[in-house]
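# Residue-level structural notes
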Amino acid sequence: MSKNKLLLVLVGSSLLTGCAADYLNNYDTMTLASGDSQKANQLLQTVDPYNPASNNTKIEGDGARSVGVVQKYKLPPSSGAPTTNMTVNVGPSGTSTQ
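What counts and what doesn't
Residues numbered from 1 in each chain as written. Predicted model: local features only at pLDDT ≥ 70, side-chain atom pairs only at ≥ 80, totals over all residues. Heavy atoms only, no water. Helix = DSSP H or I, 4+ residues; strand = E, 2+ residues; numbered from the N terminus. Buried < 20%, exposed > 50% of the residue type's maximum accessible area, 1.4 Å probe, protein only. Areas by Shrake-Rupley, 256 points an atom, 1.4 Å probe, with all protein chains shown as cover. Patch = residues over 30% accessible without salt bridge, like charges linked within 9 Å, V, L, I, M, F, W, Y side chains within 5 Å. Salt bridge = Lys/Arg side-chain N within 4 Å of Asp/Glu carboxyl O. pLDDT = per-residue confidence, 0-100. Expected span 1.5 Å × (residues − 1).

## Structural notes on the overall build of the protein chain
Within the protein chain, the secondary structure is distributed over three helices and zero strands. In the protein chain, the succession of helices and strands from N to C terminus is α-α-α. Counting all 98 residues of the protein chain, 0% fall into the buried class. Of the accessible surface of the protein chain, which amounts to about 10,500 Å², a share of 59% is contributed by carbon and sulfur atoms.

Next comes the structure, spelled out in structure tokens:
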């Protein structure tokens, strides 16, 4: 068989395989969403499904307090040493690494 015929057979079989793969994705089983058609139809016909409080664009808050929090986050207090007294032991006990 020549290379052109082999190439033609490969292209033809790959095209047929693509069609068969879509056919094989159909299953005769039930999904977890079975029986939710009434709820889905009810949600489709809802005029405004959002929470009424979502239209409130006035967000309560104190700007000066927010700026202070951001500055405190960016610039932690410079006390030098850590405030916690923590000992980390690595390795078997009783040995010295000095």
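## Topic: a nonpolar patch on the surface
Residues Leu7, Val11 and Leu15 make up a contiguous nonpolar surface patch of roughly 290 Å² in combined accessible area. Here Val11 lies in helix 1 (residues 3–24).

## A closer look at the confidence of the model for the protein chain
Averaged over the protein chain, the pLDDT score is 77; the fraction of residues at 70 or greater is 78%. Across the protein chain, the element-wise mean pLDDT spans from 78 in helix 1 up to 88 in helix 3 (residues 63–74).

## A few points about helix 3
Over its twelve residues, helix 3 extends 17 Å from the first C-alpha to the last, a length consistent with the 16 Å expected when each residue adds 1.5 Å. Counting buried residues along helix 3, only zero of its twelve residues qualify, which leaves the element largely exposed.

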